[in-house]
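# Descriptive structure summary
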Amino acid sequence: MKLHNRDVRTDVRELGALVGDVLAAQASTDAYETVETLRNAAIDYRRGDAADRAALHEAVADLSTTREEVVARAFTTYFELINLAEERERVRAVRNADDGTALHDSFDATIAEFAEAGVDADELEELLADVLIEPTFTAHPTEARRSTVKSKLRSIANHLGELDERNLTDRERRAVWRDVTAEVTSLWGTRQVRQRAPEPEDEARNVQWYLENTLFDVVGDAYEEFEETISKEYDDVDCPKLFEFRSWAGSDRDGNPFVTPEVTDETLERQREVAVEKYRDRCKRLSAVLSQDGDRYADGDALAESLAADAERFPTVVEEARERYPDEPYRQKLRLMRERLDRVNDVRPGEYPDGDAFLDDLDVIAESLREDGQESVLESFVEPFRRQVDTFGLTLASLDLRDHRENHTEAVAEAVAAEGVDYAEMDEDERVDFLTEAILQEDPVVDVDEPGDVSETTERVLRRFASFAGWQDEYGQQAIDTYCISMTEEPSHVLEVLFLADQVGVVSLPDHCAVDVVPLLETESALNGAERILGTLFENEAYAAALKARDEVQEVMLGYSDSNKENGFLAANWDLYENQRRIARFCREEEVTLRLFHGRGGSISRGGGPMNEALTALPNETVTGQVKFTEQGEAIAEKYANPRIAERELEQMLDAQIRARKEANEEPVENVPDRWVEAMEVMAPAARETYRELLNSDGFVSYFEQATPISVVEDLNLGSRPASRSGERSVEDLRAIPWVFSWTQTRLILPGWYAIASGIDAYLDEVGEEEGMETLREMFDEWPFFRTTLDNASLALARTEPEIAAEYADLADDELRERFFPELVDEYERGRELVLSISGRDQLLRREWLEESLDRRNPYVDPLNLLQANLLGRTHRTDEEERTLRLTVNGIAAGMKNTG
């Protein structure tokens, strides 16, 4: 059966032609011809038909200010549409797989392999029971597009789906294409660059959109697919809850003073309203289906008892339901369920206290249908609904609070100073002792509501904690039950949060602890000191009691972004790997269940890359089944905007996690040969030294400022929080996102590969080229960690274009350029050579579709890069030139499909 009417080449060709038509109509034929001149000049050089880029340089230099803006808009629009064409090709791959064509990382294939390998039903059930995957959406500012632009693009994507998947008449096809043309025309006239920074509320609504409009519906379909897959090989294996969704949007206070308690409260309220409205709608739909006559079908004892309980709770409503739905018990029950949902945001009593209570009522209906032999009705209409409620509850997504440890220390010191305690002058041991005694005593130490004359930072921290208990009372503990501490370095940093939570009643030991306190380990010293930090906490009387109240589960967050920015790609990856193993072994010895929270970004250098490969490359010791990771910026849109792709993402996550869990069960301590570890222990320090030498070189910060568009990136209004922690210009102070974003714009993606070559060369120098390469190739073939690390570096290397980067290097002072740029290129070229040699491949990209994508994009990104470099080189820019410069940033980000 033919599933599709089009292919990616058709979409690219027709959408590209449409951009040209709109350009000619909305600007001019001359403008169209200018864009064509630039495009053809770039293609000629890429194809080898031109010896150099002289023609492209000349064409860019000849542009008028007005024409520069038109060119930037044209190429940006082209990339936005080509991204949709490639998204549609991914959908085709998924649909073809449903029709029998196997996909890589398929849950279907894994279950078949398990059955063939002799995994019995009990073992599979245990594996599934261990798994809990928690994607956590953040508001980190890596999404360059405006919401208005994204909305238009989503409309165009839906029209492309119609053209591709529906059998249309010629007239219908013309009508759809007319709508596509209208949307592209509207997109052309829409401002691409934000005029104001988004507010935290905007970021929270953006995350909520994906939860509400895609994932809410996808979850039911995904579980149905999982259950069907399992049933092909196993009888009577139930699929438990596998996913929960969490969010930092509206609650992450680290470095963002605009995330106030009011913002968090509004986010919680809005998310609950969305969940309740979704469930009310589903209840209405289900009522239309469950019209069974009570005289023909027995209403089971549980349903009868439930209706009787409702009659006591809502006698008037029950009477009205009986009159409206006589002898229709399911409809009566659903009417009462809607009533309880209506009262969730109402002053009247009788509301559902949490999602579990609502799920109990759905279970009553499900069990009654099962007893009546109506399995088909149950599976088609009730079970997907149950999965939604089990996943999203009344909260839609649970919120994590987060702030920098320095703010907690300041708040505690100022708050207890009013009680005569000089916390600021205490050493670490004294602080731990004081906090422990304060947490364990019954009476509060400080008045959080009336702290007196304190600093603005302290006032903000205390106000947040004062609100914390109220949020849990209003929205339920599961709505907001995690507190993450950025830049944790000492046990006291964790105890400070536990102390503040204790002061407001969120914690009341030994029996009550309604918060997971999560240290975020980001720096080399924190990662290497993890056992010391956790060991002190586990032995601490107060923290041990809190841990017991949280079922002996300790969540630890690992910071990929800042670790990479501090240590470089290779050293950071090795530090994270080794310290994960140490933390996992330590927690196992202490009989504490570890849940790792991976703070990954979208770019390779910030922990990005294929999620399924990242999960299977984790050390076996760390794979408890529970895993949590951040999703942010453009990665959220790429993964979760389209329902088919979102479902595929969930499948890949589950597939990777269940395979990793099975392997961890079979080999709890990963067998890593000593010679592999020894190789890494030579390479990582050497790479770190090379990387830090670069960053600490006199003049490097100036070179970075001059040879990248960092000044533009910082002013892009990407997110609500500042680009720098203190406003100072230093690599250390700069946030990881603008650091990576700026290099990505120049096509010199240094954070994803710099110093890998130096690290490898140090190892080869020590053991010899022949022996060293043999070991490295063995590591690549047999060690998932090393293979994934090099594969990710390959992606960054493949996206790097030294010739384009040279255009930006030419903007720097001659002395700085000659000192730094050749060194960067040498490291790139040697890294490329070594990665290819170790992998045994003749090209960096191992996926044909990705190579095709880069080949398709590169000739179109080149003119934008040259235009951007040209604009950056101007000492004084007009307002129009500034707008064009910002537009080139959006265009290059769209063309690279990556920001920070």
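This one's a predicted model, so the numbers in the text were calculated from it and none came from an experiment.

This part covers the overall build of the protein chain. Each helix and strand counted, the protein chain has 38 helices and 10 strands in total. Compactness check: the protein chain gives a C-alpha radius of gyration of 29 Å against a globular reference of 29 Å for 900 residues, within 12% of the reference. C-alpha extents for the protein chain along the principal axes are approximately 85 × 80 × 60 Å. Put simply, the protein chain has 900 residues, and 61% of those count as buried. Counting contacts in the protein chain only where the partners sit at least 6 residues apart, residues at least 24 apart contribute 82% of the total. Accessible surface computed for the protein chain: about 35400 Å², of which carbon and sulfur atoms make up 41%. In the protein chain, 102 side chains carry a positive charge and 197 a negative one; their mean positions are 7 Å apart.

A word on unusual backbone geometry. The omega torsion of the bond from Leu-509 to Pro-510 falls at 15°, within 30 degrees of zero and hence cis. Look at Asp-551: it is not a glycine, yet its phi comes out positive at around 65°. Residue placement: Asp-551 occurs in the loop between helix H22 (541–549) and strand S8 (553–559). Phi at Glu-591 takes a positive value of approximately 60°, unusual for a residue other than glycine. By the secondary structure assignment, Glu-591 is in the loop between helix H24 (569–589) and strand S9 (593–599). What makes Glu-591 exposed here is its relative accessible area of 69%.

Reading around the circumference, S1-S2-S3-S4-S7-S8-S9-S10 is the order of the 8 strands in this closed barrel, with parallel pairing throughout. Across 3 bridges, the pairing between S9 and strand S10 (residues 626–631) is parallel. Each residue of the ladder has a partner; that of His-598, found in S10, is Phe-629. Packing against the sheet, helix H16 (residues 405–417) makes contact with strand S3 (398–404) and strand S4 (480–486), and its axis sits at approximately 75° to S3.

Within the largest apolar cluster, 127 residues are counted, with the highest numbers of intra-cluster contacts made by Met-683, Tyr-703, Leu-776, Trp-783 and Phe-786. Here this core spans two domains, and each of domain 2 (401–602) and domain 3 (674–846) adds at least three residues to it. Beyond its immediate sequence surroundings of up to four residues, Leu-776 is in contact with Met-683, Ile-760, Tyr-763, Leu-764, Phe-786 and Ile-838. Of all hydrophobic cores here, the second largest spans 79 residues; its members include Val-119, Leu-215, Leu-396 and Ala-664.

Moving on, we get to H24. Taking 1.5 Å of rise per residue, the 21 residues of H24 would be expected to cover 30 Å, and the 30 Å separating its terminal C-alpha atoms lies within 8% of that figure. With respect to burial, H24 is a largely interior element, 16 of its 21 residues being buried. Count one or two residues on from H24 and you reach Glu-591, which has phi positive near 60°.

Attention now moves to the environment of Ala-545. One can find Ala-545 in helix H22. With 220 residues separating them along the chain, Ala-545 and Asp-765 place their C-alpha atoms 52 Å apart. Residues in contact with Ala-545, not counting those within four places in the same chain, are Leu-509 and Pro-510.

Before going further, it helps to examine the domain arrangement of the protein chain. If you check the domain split of the protein chain, you get domain 1 (261–392), domain 2 (401–602) and domain 3 (674–846). Of note, the centres of domain 1 and domain 3, computed from C-alpha atoms alone, are 55 Å apart.

Structurally, the position occupied by Arg-857 is in helix H37 (residues 848–872). A residue is classified by how much of its surface remains accessible, and Arg-857, at 2% relative accessible area, is buried. One polar contact links the side chain of Arg-857 to the main-chain carbonyl oxygen of Gly-895, over a distance of 3.2 Å. Discounting chain neighbours no more than four positions away, the residues touching Arg-857 are Phe-79, Ile-82, Asn-83, Glu-86, Ala-894, Gly-895 and Lys-897.

Before going further, it helps to examine the packing of helix H14 (residues 355–371) against helix H15 (residues 375–392). As a packed pair, H14 and H15 sit with axes 10 Å apart at the nearest point and diverge in direction by 170°. With respect to their mutual orientation, H14 and H15 come out roughly antiparallel. When H14 is examined against H15, the residues Gly-355, Phe-358, Leu-359, Leu-362, Asp-363, Ile-365, Ala-366, Leu-369 and Arg-370 are found in contact with a partner set consisting of Glu-375, Val-377, Leu-378, Val-382, Phe-385, Arg-386, Val-389 and Asp-390. Here the residues of the contact of H14 with H15 are counted per class, giving 11 nonpolar, 1 polar and 5 charged.

Reading the values: the criteria
Residues numbered from 1 in each chain as written. Predicted model: local features only at pLDDT ≥ 70, side-chain atom pairs only at ≥ 80, totals over all residues. Heavy atoms only, no water. Helix = DSSP H or I, 4+ residues; strand = E, 2+ residues; numbered from the N terminus. Rg over C-alpha atoms; globule rule 2.2 N^0.38 Å. Buried < 20%, exposed > 50% of the residue type's maximum accessible area, 1.4 Å probe, protein only. Contact = heavy atoms within 4.5 Å. Areas by Shrake-Rupley, 256 points an atom, 1.4 Å probe, with all protein chains shown as cover. Lys, Arg positive; Asp, Glu negative; His and termini not counted. Charge placed at Lys NZ, Arg CZ, Asp CG, Glu CD. Pairing = 2+ DSSP bridges. Axes fitted to C-alpha atoms, helices over the stretch in contact; angles between N-to-C directions. Core = buried A, V, L, I, M, F, W, Y, C linked by side-chain atoms within 4.5 Å. Domains from an automatic or database assignment. Expected span 1.5 Å × (residues − 1). Polar contact = N/O pair within 3.5 Å; in protein donor to acceptor, adjacent residues only side chain to side chain. Parallel < 35°, antiparallel > 145°, perpendicular 65-115°, else oblique. Nonpolar A, V, L, I, M, F, W, Y, C, P; charged D, E, K, R; others polar.

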